[in-house]
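Single-letter residue listing:
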Amino acid sequence: MKPVIPHEHGGWAMLTVPFLLGTFAGDPGWGHLLLFLAWLMFYLFTYSFKEWIKRQRRESRFVRWAVIYSVLGLCFLIIPLKNEPSLVWLAPLLCISFVMHLWHVKRKNERAMTNNVGAVHAFSVGAVAACVFGTGKWDVSALFVYVHSAVYYLGSVFFVKSILREKNNPRWMGYAKTYHWLMLPIPALFGQPLLFIPFLFSLVRLYRWGGKPLQPIRIGMIEFANSAQFLILSVWLL
C-alpha cells in the first residue's frame, strides 16, 4: 500500500525549518524527536485529507492514510504532552489554519494569499511548540521564533508569487519590495538587532530574480539555499 506523500518541496522546508529554529532557541532534547514525528504525522494527515477533499473521485486510500497518520501522530504526541501539557493550547491555532485551508481547497483557490498566510501561520506555530517544549515557558522567546519564522516565510510567499502568478504585475513587485525592506527592523523590536542578517539574502534574492520567469527546479534551489542560510544564521545569532 503506497503511502500518500506530499511532493511540494516548499512544504517540507516550512515543516522543518521553523521547528528546528524553535528547538535550538530553547533547550534541545531527545523529546523533540518525538514531538517532530508527531508534527510530521499531522502534516501528512492534513495533506492526505486535503487530497481526499480536493479530488472529485473520492479515493479511499487518502482516507485510509489520513487515519493512519493521525493515529501515529497521537501516539508520538503522548510523551511530549505528558512532559509539557500546555502544548494542547496550540491545537485551536492549528485548527483555524486547517479549516481555512480546507475552505480554500473547496473553492479551488489554494493559491490565494489568505491561504498562504494561513499555512505560514500553521508552520510557525511549530516553532512555538518546539521552543515551549524545550523551555517550559510561554515567553518572549516563543513569540519571537513565531514572528521570525512567519516574517521570513511571508517573504518567500511574496517572492514566489512575483515569479509565478504575479510576474507581470509591477504593483505586486512594489508590494514585495516594500515588505522585504520592512522585514529588516523587526528583530530589533525583540531585542535581537543582528537577526536582520538572515533576511538579507531574501532581499537580495527578490531584487535579483523577482518578477523574472524561472524554472521550478531553480526556484526550489534558491528557496532551499535561502532556508538553509536562514536557519543556520538565525540559530548562530540567537
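Residues numbered from 1 in each chain as written. Predicted model: local features only at pLDDT ≥ 70, side-chain atom pairs only at ≥ 80, totals over all residues. Heavy atoms only, no water.

1. Some remarks on helix α6 (residues 140-163)
Next, step 1: Given a rise of 1.5 Å per residue, 24 residues ought to cover 34 Å, and the 35 Å separating the end C-alpha atoms of α6 matches this to within 8%.
Next, step 2: Judged by how many residues are buried, α6 sits mostly within the fold: 19 of 24 residues are covered.
Next, step 3: The backbone nitrogen of S141 lies 3.1 Å from a side-chain oxygen of the residue at the head of α6, namely D139. (Helix = DSSP H or I, 4+ residues; strand = E, 2+ residues; numbered from the N terminus. Expected span 1.5 Å × (residues − 1). Buried < 20%, exposed > 50% of the residue type's maximum accessible area, 1.4 Å probe, protein only. Polar contact = N/O pair within 3.5 Å; in protein donor to acceptor, adjacent residues only side chain to side chain.)

2. Concerning the pattern of salt bridges
It is possible for side chains bearing opposite charge to pair when their charged atoms get close.
Next, step 1: Applying the stated rule across the entire model yields 4 salt bridges.
Next, step 2: For K50, the salt bridge is made with E51, and the minimal N-O distance between the two is 3.0 Å.
Next, step 3: For E51, a relative accessible area of 5% corresponds to the buried category.
Next, step 4: When the shortest N-O distance is used, the salt bridge between E223 and R205 registers 2.7 Å. In this pair, E223 sits in helix α10 (residues 216-237) while R205 sits in helix α9 (residues 197-209), placing the two residues 18 residues apart along the sequence. Like E223, the residue R205 is buried in the burial classification.
Next, step 5: Overlapping salt bridges bring together K50, E51, K54 and E110 as one network. (Salt bridge = Lys/Arg side-chain N within 4 Å of Asp/Glu carboxyl O.)

3. Quick notes on the packing of α6 against α10
Next, step 1: Running from N to C, α6 and α10 point in directions that differ by 165 degrees, and their axes come no closer than 12 Å. With respect to α10, the element α6 is oriented roughly antiparallel. Where α6 crosses over α10, the handedness of that crossing is right-handed. Across from H148, S149, Y152, Y153, S156, F159, V160 and I163 in α6, the residues of α10 making contact are I219, I222, E223, N226, S227, F230 and S234. (Axes fitted to C-alpha atoms, helices over the stretch in contact; angles between N-to-C directions. Parallel < 35°, antiparallel > 145°, perpendicular 65-115°, else oblique. Left-handed = near helix turned anticlockwise from the far one by under 90°. Contact = heavy atoms within 4.5 Å.)

4. A closer look at the packing of aromatic side chains
Next, step 1: On inspection of all chains with the given rule, the structure shows 15 aromatic pairs.
Next, step 2: With 5.8 Å between their ring centres and 40 degrees between their planes, F49 and W52 make a pair best called tilted. Pair noted here: F49 and W52 are both in helix α2 (residues 31-54), with a separation of 3 residues, about one helical turn.
Next, step 3: Exposure remark for W52: the relative accessible area of 23% places this residue in the partly exposed category.
Next, step 4: Measuring from centroid to centroid gives 6.4 Å for W172 and Y175, while their planes differ by 80 degrees, and the two rings are edge-to-face. One end of the pair is W172 and the other is Y175, both in helix α7 (residues 170-183) and 3 residues apart, which spans about a single turn.
Next, step 5: Residue W172 is classed as buried on the basis of its relative accessible area, which comes to 12%.
Next, step 6: Residue Y175 is classed as partly exposed on the basis of its relative accessible area of 45%.
Next, step 7: Among the aromatic residues, those joined into a cluster by ring pairs are F45, F49, W52 and F98.
Next, step 8: Sitting above the plane of the F62 ring, R61 keeps its charged end 4.4 Å from the centroid. (Phe/Tyr/Trp six-rings, centres within 6.5 Å; stacked < 30°, edge-to-face > 60°. Lys NZ or Arg CZ within 6 Å of the ring centre and 35° of its normal.)

5. What to know about helix α5 (residues 113-135)
Next, step 1: The end-to-end C-alpha separation of α5 is 33 Å, in line with the 33 Å expected for 23 residues at 1.5 Å each.
Next, step 2: Judged by how many residues are buried, α5 sits mostly within the fold: 17 of 23 residues are covered.
Next, step 3: Directly beyond the C-terminal end of α5, a positive phi value near 75 degrees is found at G136.

6. Overview of the packing of helix α1 (residues 9-25) against α2
Next, step 1: The N-to-C vectors of α1 and α2 enclose an angle of 155 degrees; their axes lie 11 Å apart at closest approach. Put simply, α1 runs roughly antiparallel to α2. Handedness of the α1/α2 crossing: right-handed. Along its contact with α1, which presents G11, W12, L15, T16, F19 and T23, the element α2 presents H32, L35, F36, W39, L40, Y43 and L44.

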